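These are the residues of each chain, in order.
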Amino acid sequence: MSTFFHQAGTAMECLSIPITLHKESVLDHEGREVHRCGFKIGGGIDQDFRKSPQNYSDNGIYVTEVQENSPAAKAGLRMNDKILQCNGYDLTMCTHKKAVDYIKKYPVLNMLVARKGVTHS
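What counts and what doesn't
Residues numbered from 1 in each chain as written. Predicted model: local features only at pLDDT ≥ 70, side-chain atom pairs only at ≥ 80, totals over all residues. Heavy atoms only, no water. Helix = DSSP H or I, 4+ residues; strand = E, 2+ residues; numbered from the N terminus. Buried < 20%, exposed > 50% of the residue type's maximum accessible area, 1.4 Å probe, protein only. Contact = heavy atoms within 4.5 Å. Areas by Shrake-Rupley, 256 points an atom, 1.4 Å probe, with all protein chains shown as cover. Disulfide = S-S within 2.5 Å. Salt bridge = Lys/Arg side-chain N within 4 Å of Asp/Glu carboxyl O. Arc of directions from axis to C-beta. Phe/Tyr/Trp six-rings, centres within 6.5 Å; stacked < 30°, edge-to-face > 60°. Lys NZ or Arg CZ within 6 Å of the ring centre and 35° of its normal.

### Some points on the overall build of the protein
Along the protein, the regular secondary structure elements total 2 helices and 8 strands. Scanning the protein from its N terminus toward the C terminus, one meets helices and strands in the order β-β-β-β-β-α-β-β-α-β. Per-residue burial over the protein gives 36% buried out of 121 residues. Expressed as a percentage of contacts within the protein between residues at least 6 apart in sequence, the contacts between residues at least 24 apart total 61%. Looking at the protein as shown, the accessible area adds up to about 7,200 Å², and 51% of this sits on carbon and sulfur atoms.

Laid out in C-alpha coordinates, this is it:
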(Lines give C-alpha, C1' and ligand atoms only; values in the text may rest on other atoms or scores of the structure.)
Protein backbone atom coordinates (compact mmCIF):
# COMPACT_ATOMS: atom_id res chain seq x y z
CA MET A 1 0.00 0.00 0.00
CA SER A 2 1.30 3.45 -0.92
CA THR A 3 1.93 6.07 1.73
CA PHE A 4 -0.33 8.41 -0.23
CA PHE A 5 -3.27 5.98 -0.42
CA HIS A 6 -3.14 4.97 3.24
CA GLN A 7 -6.26 4.07 5.20
CA ALA A 8 -6.18 5.23 8.81
CA GLY A 9 -5.64 2.35 11.22
CA THR A 10 -3.78 0.11 8.80
CA ALA A 11 -0.05 -0.57 8.94
CA MET A 12 2.19 1.02 6.34
CA GLU A 13 5.82 0.76 5.44
CA CYS A 14 7.54 3.72 3.85
CA LEU A 15 10.64 5.83 3.76
CA SER A 16 10.38 9.14 5.56
CA ILE A 17 12.30 12.40 5.72
CA PRO A 18 13.19 13.76 9.17
CA ILE A 19 12.49 17.48 9.60
CA THR A 20 13.40 19.46 12.71
CA LEU A 21 11.62 22.80 12.91
CA HIS A 22 12.51 25.40 15.54
CA LYS A 23 9.67 27.92 15.81
CA GLU A 24 10.34 31.67 15.89
CA SER A 25 9.23 33.71 18.85
CA VAL A 26 7.35 36.83 17.75
CA LEU A 27 4.93 39.26 19.37
CA ASP A 28 1.30 39.21 18.25
CA HIS A 29 -0.84 42.35 17.76
CA GLU A 30 -1.53 42.43 21.52
CA GLY A 31 2.14 42.17 22.49
CA ARG A 32 2.00 38.51 23.55
CA GLU A 33 4.79 36.14 22.61
CA VAL A 34 3.74 33.48 20.12
CA HIS A 35 5.74 30.76 18.38
CA ARG A 36 5.54 30.96 14.60
CA CYS A 37 6.23 27.95 12.41
CA GLY A 38 5.24 29.28 8.96
CA PHE A 39 3.15 26.48 7.51
CA LYS A 40 -0.49 25.43 7.23
CA ILE A 41 -1.98 21.97 7.11
CA GLY A 42 -5.03 20.29 5.65
CA GLY A 43 -6.60 16.88 6.01
CA GLY A 44 -7.35 14.61 8.93
CA ILE A 45 -9.54 11.59 9.53
CA ASP A 46 -12.55 13.87 10.03
CA GLN A 47 -12.14 15.51 6.59
CA ASP A 48 -13.32 14.29 3.18
CA PHE A 49 -10.10 14.19 1.12
CA ARG A 50 -12.16 13.96 -2.10
CA LYS A 51 -13.20 17.60 -1.51
CA SER A 52 -9.61 18.80 -1.03
CA PRO A 53 -8.56 21.50 -3.50
CA GLN A 54 -5.13 19.84 -3.52
CA ASN A 55 -6.62 16.49 -4.66
CA TYR A 56 -5.14 14.41 -1.83
CA SER A 57 -5.72 10.68 -2.02
CA ASP A 58 -6.25 9.87 1.68
CA ASN A 59 -7.11 11.37 5.08
CA GLY A 60 -3.52 12.12 6.10
CA ILE A 61 -2.24 15.46 7.38
CA TYR A 62 -0.71 17.41 4.49
CA VAL A 63 1.24 20.66 4.28
CA THR A 64 -0.93 23.06 2.26
CA GLU A 65 1.25 26.17 2.51
CA VAL A 66 4.83 27.04 3.45
CA GLN A 67 5.62 30.72 3.94
CA GLU A 68 8.80 32.01 2.34
CA ASN A 69 11.77 32.44 4.73
CA SER A 70 9.75 30.92 7.59
CA PRO A 71 11.08 28.37 10.08
CA ALA A 72 9.23 25.69 8.06
CA ALA A 73 10.90 26.73 4.80
CA LYS A 74 14.32 26.87 6.48
CA ALA A 75 13.78 23.39 7.95
CA GLY A 76 13.03 21.97 4.48
CA LEU A 77 9.27 21.42 4.78
CA ARG A 78 7.50 21.61 1.41
CA MET A 79 3.97 22.05 0.21
CA ASN A 80 2.19 18.68 -0.21
CA ASP A 81 4.47 16.89 2.27
CA LYS A 82 2.47 14.33 4.25
CA ILE A 83 3.24 14.60 7.97
CA LEU A 84 3.44 11.09 9.39
CA GLN A 85 4.68 11.91 12.90
CA CYS A 86 5.36 14.95 15.03
CA ASN A 87 7.48 14.53 18.19
CA GLY A 88 6.67 10.81 18.08
CA TYR A 89 2.89 11.38 17.84
CA ASP A 90 1.21 9.49 14.98
CA LEU A 91 -0.56 11.99 12.73
CA THR A 92 -1.84 9.37 10.29
CA MET A 93 -4.87 8.69 12.48
CA CYS A 94 -5.90 12.05 13.91
CA THR A 95 -8.43 14.75 13.24
CA HIS A 96 -7.50 18.07 11.70
CA LYS A 97 -8.04 19.95 14.98
CA LYS A 98 -5.91 17.49 16.98
CA ALA A 99 -3.08 17.87 14.47
CA VAL A 100 -3.29 21.69 14.63
CA ASP A 101 -3.39 21.67 18.43
CA TYR A 102 -0.46 19.27 18.64
CA ILE A 103 1.67 21.29 16.20
CA LYS A 104 0.91 24.52 18.11
CA LYS A 105 1.83 22.94 21.45
CA TYR A 106 5.61 22.60 21.09
CA PRO A 107 8.38 25.13 20.27
CA VAL A 108 10.39 22.45 18.42
CA LEU A 109 8.77 20.00 15.99
CA ASN A 110 10.60 16.78 15.14
CA MET A 111 8.61 15.51 12.20
CA LEU A 112 8.73 12.58 9.82
CA VAL A 113 7.26 13.41 6.43
CA ALA A 114 6.61 11.55 3.21
CA ARG A 115 7.24 13.40 -0.05
CA LYS A 116 6.02 12.28 -3.46
CA GLY A 117 8.86 11.38 -5.78
CA VAL A 118 11.34 11.06 -2.88
CA THR A 119 9.99 8.58 -0.35
CA HIS A 120 8.07 6.30 -2.70
CA SER A 121 8.27 5.13 -6.29
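On we go.
### Let's talk about the environment of V26
Relative to the assigned elements, V26 resides in strand β2 (residues 24-27). Distance from V26 to R36, taken between C-alpha atoms, is 6.9 Å for residues 10 residues apart in sequence. Here V26 is in contact with R32, E33, V34 and R36, once residues within four sequence places are set aside.

### Considering the state of the cysteines
For the structure shown, the criterion picks out 0 disulfides. The thiol of C86 is unpaired, and the distance to the nearest cysteine sulfur, on C37, comes to 9.3 Å.

### Notes on the pattern of salt bridges
Going through the model one piece at a time under the given rule, you end up with 8 salt bridges. As a salt-bridge pair, K40 and E65 come within 3.8 Å of each other at their nearest N and O atoms. Here the residue K40 occupies a position in strand β4 (residues 39-43), and E65 occupies one in strand β5 (residues 61-66), the gap between them amounting to 25 residues. Accessibility expressed as a relative area gives 30% for E65, which makes it partly exposed. The closest approach of N and O atoms between K82 and D58, which form a salt bridge, is 2.6 Å.

### Structural notes on helix α2 (residues 96-105)
For an α-helix the count is 3.6 residues per turn, leaving residues at separations of three or four pointing the same way. When α2 is considered as a whole, its buried residues turn out to be A99, Y102 and I103. Buried residues in α2, looked at end-on, bunch into an arc of 95°, giving them a common side. Exposed residues lying more than 90 degrees from the buried face of α2 are K97, K104 and K105. Looking at the buried residues of α2, the elements they touch are β4, β5, β6 (82-86), β7 (89-90) and β8 (108-114).

### What to know about the environment of R78
Inspection of the secondary structure puts R78 in the loop between α1 (71-75) and β6. For R78, a relative accessible area of 48% translates into the label partly exposed. Taking the C-alpha atoms as reference points, R78 and V63, 15 residues apart in sequence, are found 7.0 Å from one another.

### Let's talk about the packing of aromatic side chains
All told, the structure shown has 3 aromatic pairs when counted by the stated rule. When the centroid spacing of 3.9 Å and the interplanar angle of 5° are considered together, the rings of Y56 and Y62 count as stacked. Each member of the pair, Y56 as well as Y62, carries the same accessibility label: buried. Aromatic rings pair up to connect Y89, Y102 and Y106 into one cluster. Taking NZ or CZ as reference, R50 lies 5.3 Å from the ring centre of F49, over its face.

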